[in-house]
Amino acid sequence: MKIRGICYRCGAEDELIDGLCPICYAQEHPLIEVPDRVEIEVCHMCGSYKRKIWQTPKSEEAFEILNEIAYYATKDAIKKKSVMVEVEIYPEVTQLPGGKRSKLIIPVHIVARGRLPGEKEDRTYEKDIEVHLRMVQCPRCSRFMSNYYEATLQVRAMNRYLTEEEREELDNFVREELAKRLKKDRMAFIAKFIPQKEGLDYQLGSVGAARNVAQRIKEKYGGKITETATLVGVDRDSGKELYRVTVSVRVPEYKVGDVVEYKDKYYLVTAITEDKVYMKSIDYKREKIGLAWHIAEKETKMAKKKDELDTATVIATTPTIMVMDDKSYEVYEFDNIGDVKIKEGDKVKIFKKEGVSYLVNKIEGKDKQ
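Enquirer: Quick question: what am I supposed to make of the packing of aromatic side chains here?
Expert: For any pair of aromatic rings, the description rests on two quantities: the centre-to-centre distance and the angle between the ring planes. What the rule picks out here adds up to nine aromatic pairs. Through a chain of ring-to-ring contacts, three or more aromatic side chains come together here, namely Tyr-49, Tyr-71 and Tyr-72. The ring of Tyr-148 has Arg-143 sitting right over it, with the charged end atom 4.7 Å from the ring centre. Here the guanidinium or amino end of Arg-244 rests over the ring plane of Tyr-149, the centre of that ring lying 4.0 Å away.

Written out as structure tokens, the structure reads:
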């Protein structure tokens, strides 16, 4: 409460706040409280630092990392006395830590501006403190160094082994997705990479990372995800059972443009999505269907890869379609197919099975030789 009177601290006559003149009140009531020394734990291996939880630095440059650490260590230690106070923090990094057991002290200059309840005008309060970095090993690096893992991510193909091209492409994809995931999940590291004859195995520090990457593979390539868990022990502190999880993602056996067999009929794969494979029959009916992956994996099988189909040239379109095989020069005749618009001279792909030939589709775009 403000009244005019004599300051009990200095004897000056002025408007008083709790019995003090504005100058004495400011001296007795700083805008912020902060200790002269602040300590923060920093991992000597990865540069992460501990606030309420361990944080990954936003930068990869050493001085910027130290600035960030000193800034947040100071910010967390400051207690503002009013919502009307704004604080600026200026770390003054001049050296780098020397190693695992080294100590580093970063001077920090703090400027607070604003006013407390009862004050008419804003004022400025400045203070210099020291931020002491204590170099330790964070839980993530400790677990990484001990080959700790929570989950195994298995990457496979349905009903076959991954090709060398697929192995390289999928391995790059997994590593890129894990690098993105690390920004949110510090345990999304590869503890061990185990190439298998059937596909790729990754021991990961995080179950969430294994599930996330498997889902991303499924979104891009289609396929099916399964998950199993194995009991490995009991937590000493909580008494909870501990499990290791295996997340298996199987990409499709085939790709768009391949011919597959389903219920004794042959289909051209027209689209692959996260949940389904879409196909159309290569007989004159051109029946279109979509199968969920749990059905497709069990009830379909590869008949012919796109690149292995025979090619032919259209030599007539009426009254029926006639084509000549580009290698054997045999002539084949097909009923007109409504969804395939063909003219003389066009190139087409044909599928032969047990003496029967099917016109699969017209060769267009980049597939055209």
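Enquirer: I keep staring at the pattern of salt bridges and nothing clicks. Help me out?
Expert: Pairing between side chains becomes possible if they bear opposite charge and their charged atoms approach one another. Throughout the structure, instances matching the rule amount to 27 salt bridges. Across the salt bridge formed by Glu-287 and Lys-265, the nearest N and O atoms sit 3.1 Å from each other. Residue Glu-287 is found in the loop between β18 (276–281) and β19 (288–292), and its partner Lys-265 is found in strand β17 (residues 265–272); the two are separated by 22 residues along the sequence. For Lys-352, the salt bridge identified is with Asp-310, shortest N-O distance 3.5 Å. Within this pair, whereas Lys-352 is found in strand β24 (residues 347–353), its partner Asp-310 is found in strand β21 (residues 310–316), the two being separated by 42 residues in sequence.

Enquirer: What exactly am I supposed to notice about unusual backbone geometry here?
Expert: For residues besides glycine, phi is generally negative; the peptide bonds are generally trans as well. At the junction of Thr-318 and Pro-319, the peptide bond is cis and its omega measures out at -5° in the coordinates. Locating Pro-319 in the fold gives a position in the loop between β21 and β22 (321–325). Although it is not a glycine, Lys-263 adopts a positive phi angle of roughly 50°. Inspection of the secondary structure puts Lys-263 in the loop between β16 (259–262) and β17. Residue classification places Lys-263 among the exposed residues on the basis of a relative accessible area of 59%. Backbone geometry at Glu-354 places phi at a positive 50°, although glycine is not the residue there. With respect to the helices and strands, Glu-354 occurs in the loop between β24 and β25 (356–362).

Enquirer: Got a minute to help me understand the side chain of Thr-152 in this structure?
Expert: Topologically, Thr-152 is positioned in strand β11 (residues 151–157). With sequence-adjacent residues up to four places away left out, Thr-152 is seen in contact with Asp-201, Tyr-202, Gln-203, Val-245, Thr-246 and Val-247.

Enquirer: Quick question: what am I supposed to make of the sheet that holds strand β14 (residues 224–234) here?
Expert: Within a sheet, neighbouring strands are paired by backbone hydrogen bonds and run either parallel or antiparallel to one another. Spatial ordering of the open sheet is given by β12-β13-β11-β15-β14, a layout of five strands whose pairing is mixed. Unpaired on one side and paired on the other, β12 (190–195) and β14 mark the two borders of the sheet. Each adjacent strand pair in this sheet contributes to an overall mean axis angle of 15°, direction not counted. Inspection of the sheet shows β14 paired to strand β15 (residues 241–251) by ten bridges, in the antiparallel sense. The residue bridging Glu-227 from the neighbouring strand is Val-247, located in β15. With respect to the sheet, helix α4 (residues 164–181) is in contact with β11, β12 and β13 (200–204), its orientation differing from that of β13 by roughly 15°. Packed onto the sheet, helix α5 (residues 207–221) meets β11, β13, β14 and β15 and runs at close to 10° relative to β15.

Enquirer: For this particular structure, what's the right way to read the layout of surface pockets?
Expert: A probe as big as a water molecule, rolled over the atoms, marks out the empty space that is left. The calculated volume of the largest pocket comes to roughly 590 Å³. As for the largest pocket, its lining consists of 21 residues, of which Gln-55, Thr-56, Pro-57, Leu-182 and Lys-183 are closest to the centre. If you list the elements that add at least two residues to the lining of the largest pocket, you get β6 (54–55) and α2 (62–77). Residue contributions to the lining of the largest pocket peak at three residues, all from α2.

Enquirer: Can you walk me through the pairing of β21 in this structure?
Expert: The two faces of a sheet get side chains in turn, since along a regular strand they alternate between them. The sheet contact formed by β21 and β24 spans four bridges and is antiparallel. Note on β24: the bridge partner recorded for Asp-310 is Ile-350. Bridge count for β21 against β22 is four bridges, and the pairing is antiparallel. Note on β22: the bridge partner recorded for Ala-312 is Asp-325. The turn joining β21 and β22, which pair antiparallel and follow one another in sequence, is formed by four residues.

The rules behind these values
- Residues numbered from 1 in each chain as written.
- Predicted model: local features only at pLDDT ≥ 70, side-chain atom pairs only at ≥ 80, totals over all residues.
- Heavy atoms only, no water.
- Phe/Tyr/Trp six-rings, centres within 6.5 Å; stacked < 30°, edge-to-face > 60°.
- Lys NZ or Arg CZ within 6 Å of the ring centre and 35° of its normal.
- Salt bridge = Lys/Arg side-chain N within 4 Å of Asp/Glu carboxyl O.
- Helix = DSSP H or I, 4+ residues; strand = E, 2+ residues; numbered from the N terminus.
- Buried < 20%, exposed > 50% of the residue type's maximum accessible area, 1.4 Å probe, protein only.
- Contact = heavy atoms within 4.5 Å.
- Pairing = 2+ DSSP bridges.
- Axes fitted to C-alpha atoms, helices over the stretch in contact; angles between N-to-C directions.
- 1 Å grid on protein atoms, 1.4 Å probe; cavity = no way out; pocket = protein on both sides within 12 Å on 5 of 7 lines; lining within 4 Å.
- Points joined across faces, edges and corners; volume = space filled by probe spheres on them.

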